[in-house]
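# A structural walkthrough
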Amino acid sequence: MTSTPSATRLPSAADLGTLVVVPWSGEAPDGGDMPYLLAYSLGDAADGPEASTAAIEQLLTENKLPVGGDLVDGMAKPSLPVSLLVESGAAVLTLGGLTAQCVPPAEWLAAAEGRGYAYLVVTTRPWPEATPGTYIGPEALAAFAGAEETLTQAAHVILPARRLRS
């Protein structure tokens, strides 16, 4: 006797709320500059911040990115359903069926080109104060991105910084 696997419904944009991607670079343990991407929800899903958190956790699980688990090396997993395209001064992150684009600063672009990858943190912790278009100061970014709650409720991924082929 065989059975068919049950289908799972991926979260919709309404379930996630507003998904934001913030680029920055900083010194890594090896002394070089590391390009980072932080993806988070504003927690503004129709059913509230708890729904946003659950939807992001489901999105990560469905895409084989463990929340609070080990670092995923996307360089060694070309079939990973997460990708990063860096082209024409923009960074385009694709996660499952979602795509988000941002315009990183020049130092981020230089670090991504030098390393050939970026460090992605996708947290299930909402950050409602950091809305698109508002200035996020380095102190606020460091406080949120470096908080234990943010990091333990996140998937951590090394992503190859791909370019279009000519």
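Look up: the structure comes first, before these words.
Residues numbered from 1 in each chain as written. Predicted model: local features only at pLDDT ≥ 70, side-chain atom pairs only at ≥ 80, totals over all residues. Heavy atoms only, no water.

Inspection of the entire model under this criterion finds four salt bridges. Measuring nitrogen to oxygen at the nearest pair gives 3.9 Å for the salt bridge that ties arginine 163 to glutamate 87. Note that arginine 163 is positioned in the segment after strand S8 (154-162) and glutamate 87 in strand S4 (residues 82-87), a separation of 76 residues in sequence. Owing to a relative accessible area of 43%, arginine 163 belongs among the partly exposed residues under this scheme. Between arginine 163 and glutamate 113 there is a salt bridge, and its shortest N-O distance comes to 3.9 Å. Residue arginine 163 is located in the segment after S8, and its partner glutamate 113 is located in helix H3 (residues 106-115); the two are separated by 50 residues in the primary sequence. (Salt bridge = Lys/Arg side-chain N within 4 Å of Asp/Glu carboxyl O. Helix = DSSP H or I, 4+ residues; strand = E, 2+ residues; numbered from the N terminus. Buried < 20%, exposed > 50% of the residue type's maximum accessible area, 1.4 Å probe, protein only.)

Before going further, it helps to spend a moment on the side chain of threonine 123. Considering the arrangement of structural elements, one finds threonine 123 in strand S7 (residues 117-123). At a separation of 3.0 Å, a polar atom in the side chain of threonine 123 contacts the main-chain carbonyl oxygen of threonine 150. Of note is the side chain of threonine 123, whose polar atom sits 3.4 Å from the backbone oxygen of glutamine 153. Beyond its immediate sequence surroundings of up to four residues, threonine 123 is in contact with Leu38, Ala39, Tyr40, Ile56, Phe144, Thr150, Gln153 and Ala154. (Polar contact = N/O pair within 3.5 Å; in protein donor to acceptor, adjacent residues only side chain to side chain. Contact = heavy atoms within 4.5 Å.)

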